[in-house]
Amino acid sequence: MKIAVIGAGITGLYLAWRLSLVGNNVTVFEKRAEIGKVVCSGLISERLWNFIPENKKLVEHTIDFANVNFNAKTTKVKFRQKMLVLSHAELDRYVASLAEKAGVKIILNHKIEKIPEGFDRVIGTDGALSITRKLLKLPEPKFRTGLQFFTAEKNNSDFVDTWPTKNGFFWKIPRGDRVEYGIMEEQPAAKKLLDEFCEKLNVKIEGLQAWPIPGGMVVSNNPQVTLCGGDACGLTKPWSGGGVIWSLTAANILLRTFPDFEKYHKELKRFFGWQLFKTKTINKLGYFLGNYAPWLLPKEREIDSDFIL
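Residues numbered from 1 in each chain as written. Predicted model: local features only at pLDDT ≥ 70, side-chain atom pairs only at ≥ 80, totals over all residues. Heavy atoms only, no water.

(A) Region of interest: the overall build of the chain. Summing up its helical and strand segments, the chain has 7 helices and 14 strands in all. Taking 309 residues into account, the globule formula puts the C-alpha radius of gyration at 19 Å, and the chain, at 19 Å, falls close to it. Dimensions of the chain, computed from the C-alpha atoms along their principal axes, are close to 60 × 35 × 35 Å. Considering only residue pairs separated by 6 or more positions, the chain has 71% of its internal contacts joining residues 24 or more positions apart. Summed over all atoms, the accessible surface of the chain reaches about 14,800 Å², with 52% contributed by carbon and sulfur. Distance between charge centres in the chain, computed from 44 positive and 33 negative side chains, equals 4 Å. (Helix = DSSP H or I, 4+ residues; strand = E, 2+ residues; numbered from the N terminus. Rg over C-alpha atoms; globule rule 2.2 N^0.38 Å. Contact = heavy atoms within 4.5 Å. Areas by Shrake-Rupley, 256 points an atom, 1.4 Å probe, with all protein chains shown as cover. Lys, Arg positive; Asp, Glu negative; His and termini not counted. Charge placed at Lys NZ, Arg CZ, Asp CG, Glu CD.)

Rendered as structure tokens:
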């Protein structure tokens, strides 16, 4: 089949690679001049290697657990899978190389203004502000804001620190030769809270970057044009805003049901509808206990960082 993929992020490139491997003619359209998502924490579980060939050169650091710091208590959350600290941009370029070797055509500097014509199927993987989603006249997901900056501190700790807020959290991630700080919160509270947080920690904010973090689930109803990818669909983890593993999981559902987009839409809603419900519920419960009944929280707990239950 002749397939158009809109957006050269990891999900679009992964889909293009896998679809090309089984004989499809795939073209990827990317509006930017180069491949590589720059503004992103790049904290991804080692489950990543279940989707793409392992590449240890991408890994800057590894994380084993997180300290969740409430006002009256800190809970240690151990991860069943190690968390990889890596450059999202380098990860995207690595998957692009796999796609190109499989015969995928990647066209840069190509802004989409209408659904591409002459293709049997069109897949939108074009991020949080998806043009495909707008062209399909689908509802917008809810958005929070991510703010991020780095300091020159050297830190090789095997844990991250987080501090919950009403609608998100602060984070501190060691990356070996530098440390990343940031917040995920609703606007306009995010910047004010980050300023207050950094003042308490005596950390100077320099080179601040921002990006939108969608949440929820937006599903196409078109039999020939669909959305895939965490950000384009709004499929990001409610507790962390991370979207790579959820996005690649959605991509595998699409690959398994391809080219039947109607079946893909049903299976996507069945799988992630339950994931979203239970993770939002656990999130709210954890926030309530941490702030109002901290003695009920365990000192330590082990979780799957991608799929809580």
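(B) Spotlight on the side chain of Asn69. Relative to the helices and strands, Asn69 is located in strand β4 (residues 59-69). Of note is the side chain of Asn69, whose polar atom sits 3.5 Å from the backbone oxygen of Asn67. At 3.1 Å, the side chain of Asn69 and the side chain of Asp161 are in polar contact. Here Asn69 is in contact with Thr74, Asp161, Thr162, Trp163 and Pro164, once residues within four sequence places are set aside. (Polar contact = N/O pair within 3.5 Å; in protein donor to acceptor, adjacent residues only side chain to side chain.)

(C) Structural view of the packing of aromatic side chains. Under the criterion given, the structure shown has 17 aromatic pairs. A ring pair is formed by Phe65 and Phe159, whose centres lie 5.2 Å apart and whose planes are at 20°; its orientation type is stacked. Of this pair, Phe65 sits in strand β4 while Phe159 is found in strand β9 (residues 159-165), placing the two residues 94 residues apart along the sequence. For Phe65, a relative accessible area of 14% puts it in the buried group. Judged by relative accessible area, which is 24%, Phe159 ranks as partly exposed. Seen from their ring centres, Trp246 and Phe272 are 5.2 Å apart, and the 50° between their planes marks the pair as tilted. Placement of the pair is Trp246 in helix α6 (residues 244-257) and Phe272 in helix α7 (residues 261-292), with a sequence separation of 26 residues. Both residues of the pair, Trp246 and Phe272, count as buried. Taken together through their ring pairs, the aromatic side chains of Trp239, Trp246, Phe271, Phe272 and Phe307 make up a single cluster. (Phe/Tyr/Trp six-rings, centres within 6.5 Å; stacked < 30°, edge-to-face > 60°. Buried < 20%, exposed > 50% of the residue type's maximum accessible area, 1.4 Å probe, protein only.)

(D) The arrangement of unusual backbone geometry in detail. For the bond from Gln187 to Pro188, the omega torsion is 0°, close enough to zero to count as cis. In this structure, Pro259 follows Phe258 across a cis peptide bond, with omega equal to 5°. When you line up the elements, Pro259 lands in the loop between α6 and α7. Notably, Lys137 is not glycine yet its phi reads approximately 60°, a positive angle.

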